[in-house]
Structure formats: C-alpha cells, structure tokens
Amino acid sequence: MEVKMGVRYLRTEPTMVFPHGRLLAVRGGKLHVLAPDGWDPVSTRADRARPISREEAEDWCEHEGWDLHLLDTVPIPDQGF
C-alpha cells in the first residue's frame, strides 16, 4: 500500500556561504535539506527557516540552477508497516 504524504518547503536565512539560503522540505515529520546529491536528512530543527510555497520553492530552484524535478523526490519516511 502506497502512502501519500504532503511536502512542506522552507528556506533558511541567507548566509555568506548560501546567500539565498538553503531549501528544506518536511515530509511525514522528517526534515531534509537539498544537497548536491539529493535530499539529505537533517537531525536538527529549522527554527530560523521560514515556510515557503511550492511556487517559491520552484523559483528558488530556478534561481540556484537546480532541477525542478527534485521537488518531487523528497523521501517518504519509513512507515514501519
């Protein structure tokens, strides 16, 4: 049985290393950061990240040169079935 879960996107505050912030995604309560090799799990909280819409996440990807397809590849957490 496939379980569909929504994805929420967030963007971190700009830093010197990431002047446009980093893109985060939450699916099933698990936080991930977009990295060169795809979505990496993050064990910390994203206290200073602000929620953004899917459209804003797409804009961020386009501006940073990331493939928009990545927005559809946020991992689904193990459901333990």
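Structure: above.
It should be emphasised that the depicted structure is a prediction, and the values quoted were computed from it without experimental measurement.

What counts and what doesn't
- Residues numbered from 1 in each chain as written.
- Predicted model: local features only at pLDDT ≥ 70, side-chain atom pairs only at ≥ 80, totals over all residues.
- Heavy atoms only, no water.
- Buried < 20%, exposed > 50% of the residue type's maximum accessible area, 1.4 Å probe, protein only.
- Helix = DSSP H or I, 4+ residues; strand = E, 2+ residues; numbered from the N terminus.
- Arc of directions from axis to C-beta.
- Contact = heavy atoms within 4.5 Å.

## Quick look at helix H1 (residues 54-64)
So, point 1. For H1, every residue scored as buried is listed here: Ala 57, Trp 60 and Cys 61. For H1, the buried positions fall inside an angular range of 100° around the axis, keeping them on one side. Across from the buried face of H1, at angles greater than 90 degrees, the exposed residues are Glu 55, Glu 62 and His 63.
So, point 2. Buried-residue contacts for H1 involve strand E1 (7-11), strand E2 (23-27), strand E3 (30-35) and strand E5 (50-52).
So, point 3. Just beyond H1, the residue with positive phi is Gly 65, at close to 85°.

Everything listed here is a matter of coordinates, which is why it stays silent on function.
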